[in-house]
Amino acid sequence: MKKFINNVDNILVESLSGFAKAHSDLVELHLEPNFLTRANKAQNKVAIISGGGSGHEPLHAGYIGYGMLDAACPGHVFTSPTPDQMLMAAEAVHADKGVLFIVKNYAGDVMNFEMAAEMLPFENATVLTSDDCAVINSTYTTGRRGVAGTVIVEKCVGSLAETGADLKACKALGDKVNKQTASIGVALTSCTVPTAGRPTFDINESELEIGVGIHGEPGRRREAMREADEIVGDCVEAILTDFKIRDIHPTNKHEALLLINGFGATPLMELYLIFNTAAKLFNLQGFEISRSLVGNYTTALDMAGASITLCLLDDEIKQHWDSPVHTAALRWGK
Amino acid sequence: MHTEFILAAAKNIQQCILANESTLESLDREIGDGDHYINMKRGANTIVELEAELTPLKPDEALNKIGMKLLSTIGGASGPLLASFFMSMAKVLKENGGDSHAKIAAAFSAGVQAIIQRGKANIGEKTMLDVLIPVAQQFEILATQTSDVNLISKSLIRTAEQGMLSTKDLIATKGRAAGLGERAIGHIDPGAKSCQLMIESVCKLVLEK
């Protein structure tokens, strides 16, 4: 393992401290328990709080600020945060209009946020994100995982909350965006969890993993490496099939947001190459890719690979995607 | 049950977790995300460090404090699940006392029930419950049949081991491995393994006495 580390046990706090210093105009860091809030507390709105294991930067702290989150609770690398973090964060940012938790659908995250929600002394609700269509949903599983589509949910819900909308409306929009979104990831290499010191899974030069999770969890299948167009083609097909199975249809305008997300070790050059092919293929299926985002938005430490996310747009989602946002990782219109 | 025993058990569990680093790491790398060992280590170390605070407490108070501490230390799925176990076990001990094997077995079962509820899982889903449910059942049966603690301990060690091994051939329907489908077959569940190790540690402590 070759990484920028002083002491493996201090990576998280040193990184959070650097993040808070670099973006001191936007965020404030609180330690023990660890959580980050906006530098200036927002008033008269539902407090939007997210959190999850670290290692997915800029998710979630990078999305704290006007138009998105009020607070984020980072856990240890790939490990969900604990309820005391959520309770303290909620205490710090709630503004008498309730708290909405945005939680990626993993057993650990769900349970920790659930316990926090039970202990919280004020009104709250939770949106579970579950956009990963690599995990075929059935009554037998915990359900689909929340991956890069979470960014779109946080952006839209955050935008609505700024208008003073109530908790119920914010939750409803979050659930809708999640339903209208599907993602699938491909890994070319493993990631290395610093405390483990070695790659999470073995994968050789001639292989790729289709449907990989953002923690290096194995996906649908291991395949031989192929040219990019074929890989992207399979991903596009998986996404379209998923919408079909779930009976989710685009509006008449067939507008969609295409997000190509890097896992941490794939250059932007390749991410744009993926966008080029994916946009073409979705166009061929009748979609108009009217909004786009390309970059590292939900990473998996140092994994090479990328995920493709399609969000079916309607006027409401489009409005909240376009609205001003000012965070460390997303900024426009303000 | 005495607080002294709980403290000794915590130390045994810590040593056992540390001694099984490579086993737990490799199991979780195969079908999980590789953080199980480090989370269990963090939890075990924290509880052992809590010795001075736990020593003056009654057994139920000590177990409750252990649960609260694990809740804010471990994270992941193991944190809330183990915390729920200890907090529920503590609650039943407080209500009924822990002066007989049957009462301790009942408290243990209450802890396992709390895990079932929190995790919305049951036996056969390739989780820690494949160890804990059979152990709880066996403990309750034995506690009414015998007062021989060595016999109970040996039996529970075997039951835990069988439960742990049973996860190997299961498809995971709960937890991180649930996305793997048939690819999880042939791998022992890391959470089942760590639970089996913890039960073995506590039972061995009884046998040594």
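Residues numbered from 1 in each chain as written. Chains lettered and ligands numbered in written order. Predicted model: local features only at pLDDT ≥ 70, side-chain atom pairs only at ≥ 80, totals over all residues.

Asks: Would you take a moment to explain the overall build of chain B for this structure?
Replies: Scanning chain B for helices and strands turns up 10 helices and zero strands. Secondary structure of chain B in N-to-C order comes out as α-α-α-α-α-α-α-α-α-α. Against the compact-globule benchmark of 17 Å for 209 residues, chain B has a radius of gyration of 16 Å, which places it among compact chains. Expressed along its principal axes, the backbone C-alpha trace of chain B runs to roughly 45 × 35 × 30 Å. Looking at chain B residue by residue over its 209 residues, the buried ones come to 58%. (Helix = DSSP H or I, 4+ residues; strand = E, 2+ residues; numbered from the N terminus. Rg over C-alpha atoms; globule rule 2.2 N^0.38 Å. Buried ≥ 20, exposed ≤ 12 C-beta atoms within 10 Å, placed from the backbone.)

Asks: When you look at the domain arrangement of chain A in this model, what are you seeing that I'm missing?
Replies: Interfaces are often sized by the amount of accessible area the parts lose when they come together. Residue and element names in this part refer to chain A. By the assigned domains, chain A splits into domain 1 (10-179) and domain 2 (181-321). Distance between the C-alpha centres of domain 1 and domain 2: 22 Å. Taken together, the contacts link 26 residues of domain 1 with 32 residues of domain 2. Elements represented by at least two residues in the side of domain 1 that touches domain 2 include exactly α4 (149-162) and α5 (167-179). Residue classes in the side of domain 1 that touches domain 2 are distributed as 14 nonpolar, six polar and six charged. (Domains from an automatic or database assignment. Contact = placed C-beta atoms within 7 Å. Nonpolar A, V, L, I, M, F, W, Y, C, P; charged D, E, K, R; others polar.)

Asks: Honestly, unusual backbone geometry in this entry has me stumped. Any pointers?
Replies: Excluding glycine, residues mostly have negative phi values, and the peptide bonds linking residues are mostly trans. All names here are of chain A. Between E32 and the following residue, P33, the backbone shows a cis peptide bond with an omega angle of 0 degrees. In this fold, P33 is placed in the loop between β1 (27-30) and β2 (35-38). The residue after E57, namely P58, is reached through a cis peptide bond having omega 10 degrees. Here P58 is to be found in the loop between β3 (47-54) and β4 (65-66).

Asks: Where do I start with the nonpolar core in this structure?
Replies: A general tendency of soluble globular proteins is for nonpolar side chains to be buried together. The biggest cluster of nonpolar side chains holds 164 residues, and the ones touching the most others in it are I49(A), I64(A), V157(A), F86(B), M89(B) and L132(B). The biggest single contributor to this core is helix α6 (residues 78-96) of chain B, with 10 residues. No fewer than three residues from each of domain 1 (10-179) and domain 2 (181-321) of chain A sit in this core. If you look at the next biggest cluster of nonpolar residues, it comprises seven residues, including L170(B), A172(B), A177(B) and L180(B). (Core = buried A, V, L, I, M, F, W, Y, C linked by C-beta atoms within 7 Å.)

Asks: Looking at this model, I keep getting lost on the sheet that holds strand β6 (residues 99-104) of chain A. Mind explaining?
Replies: Two orientations exist for strands paired in a sheet by backbone hydrogen bonds: parallel and antiparallel. All names here are of chain A. In spatial order, the strands read β1-β2-β5-β3-β6-β7; together these six strands make up an open sheet with mixed pairing. Because the sheet does not close on itself, it has two edges, and the strands there are β1 and β7 (124-129). If you compare each strand with its neighbour and ignore which way they point, the axes differ by 20 degrees on average. Along the sheet, helix α1 (residues 11-22) makes contact with β1, β2, β3 and β5 (71-77), crossing β1 at roughly 155 degrees. Here helix α3 (residues 107-119) sits on the sheet and contacts β3, β6 and β7; the angle it forms with β6, its principal contact strand, is near 165 degrees. (Pairing = 2+ DSSP bridges. Axes fitted to C-alpha atoms, helices over the stretch in contact; angles between N-to-C directions.)

Asks: Help me understand the interface of chain A and chain B in this model?
Replies: Listed by partner, the interface residues are 32 residues for chain A and 25 residues for chain B. At the level of elements, β5, α2 (83-93) and α3 of chain A are the ones that each hand at least two residues to the side of chain A that touches chain B. Looking at the side of chain A that touches chain B, its residues break down into 15 nonpolar, 14 polar and three charged.

Asks: Whenever I open this one, the environment of I115(B) confuses me. Can you help?
Replies: Residues and elements named next belong to chain B. Positionally, I115 belongs in helix α7 (residues 101-119). Residue classification places I115 among the buried positions, given that 23 C-beta atoms sit within 10 Å. Each C-alpha atom, one on I115 and one on V135, is 14 Å from the other, the two residues being 20 residues apart in sequence. Each residue touching I115, except ones within four places of it in the same chain, is listed here: L81, S84, F85, L129 and L132.

Asks: I would appreciate a short explanation of α4(A) in the present structure.
Replies: Residues spaced three or four apart along an α-helix face the same direction, because each turn holds 3.6 residues. Residue and element names in this part refer to chain A. In this model, α4 (14 residues) spans 20 Å end to end at C-alpha, consistent with the 20 Å of a helix rising 1.5 Å per residue. Of all 14 residues in α4, 14 are buried; the element is thus mostly enclosed. Looking at the residues trailing α4, positive phi occurs at G164, about 90 degrees. (Expected span 1.5 Å × (residues − 1).)

Asks: Just to check I follow, could you spell out the confidence of the model for chain B for this structure?
Replies: Detailed reading of the predicted coordinates is not advisable wherever pLDDT falls low. Residue and element names in this part refer to chain B. Of the residues in chain B, 100% have a pLDDT of 70 or more, and the chain-wide mean is 94. The least confident element of chain B, judged by mean pLDDT, is helix α2 (residues 21-31) at 91; the most confident is helix α9 (residues 149-166) at 98. Listed scores for the predicted complex are pTM 0.90 and ipTM 0.82. (pLDDT = per-residue confidence, 0-100.)

Asks: Explanation requested: the sheet that holds strand β15 (residues 331-332) of chain A in the structure shown.
Replies: Spatially, β4-β14-β15 (chain A) is the arrangement adopted by the three strands of the open sheet, whose pairing is antiparallel. Unpaired on one side and paired on the other, β4 and β15 of chain A mark the two borders of the sheet.

Asks: Even after reading the chapter, I still don't get the pairing of strand β8 (residues 181-187) of chain A, so can you show me in this structure?
Replies: Successive residues of a regular strand alternate their side chains across the two faces of the sheet. All names here are of chain A. With seven of its seven residues buried, β8 lies for the most part within the structure. The two faces of β8 match: T181, S183, G185 and A187 on one face and A182, I184 and V186 on the other face are all buried. Strand direction decides the pairing type here: β8 and strand β13 (residues 305-312), joined by seven bridges, are antiparallel. Paired with A187 across the bridge in β13 is G305. Across two bridges, the pairing between β8 and strand β9 (residues 207-210) is antiparallel.

Asks: What exactly am I supposed to notice about helix α8 (residues 315-322) of chain A here?
Replies: All names here are of chain A. Buried residues of α8: I317, H320 and W321, and no others. The buried side chains of α8 occupy one side of the element, clustering within an arc of 105 degrees when seen end-on. At its buried positions, α8 is contacted by α4, α5, β11 (255-262), β12 (288-295) and β13. (Arc of directions from axis to C-beta.)

Asks: Can you walk me through the environment of S109(B) in this structure?
Replies: Residues and elements named next belong to chain B. With respect to the element layout, S109 can be found in helix α7. The exposure class assigned to S109 is buried, which follows from the 20 C-beta atoms found within 10 Å. Sequence spacing of S109 and F139 is 30 residues, and the spatial spacing of their C-alpha atoms is 8.6 Å.

Asks: Quick question: what am I supposed to make of the pairing of β5(A) here?
Replies: Residues and elements named next belong to chain A. With respect to burial, β5 is a largely interior element, seven of its seven residues being buried. For β2 and β5, the ladder comprises two bridges, and the chain directions are antiparallel. Counterpart to L36 in the pairing with β5 is A72. The sheet contact formed by β3 and β5 spans five bridges and is parallel. Considered in β5, the bridge of I49 is made with A71.

Asks: In this structure, what is going on with the packing of α4(A) against α5(A)? I would like to understand it.
Replies: Each pair of packed helices gets described by two things: the angle between the helix axes and the distance between those axes. Residue and element names in this part refer to chain A. Axis separation between α4 and α5 bottoms out at 9 Å; the angle between their running directions is 155 degrees. Our classification of the angle between α4 and α5 gives roughly antiparallel. Of the two possible hands of crossing, α4 and α5 adopt the one that is right-handed. Contacts from G149, I152, V153, C156, V157, L160 and A161 of α4 reach α5 at A169, C170, L173, G174, V177 and N178. Residues of the contact of α4 with α5, tallied by class, amount to 10 nonpolar, three polar and no charged. (Parallel < 35°, antiparallel > 145°, perpendicular 65-115°, else oblique. Left-handed = near helix turned anticlockwise from the far one by under 90°.)

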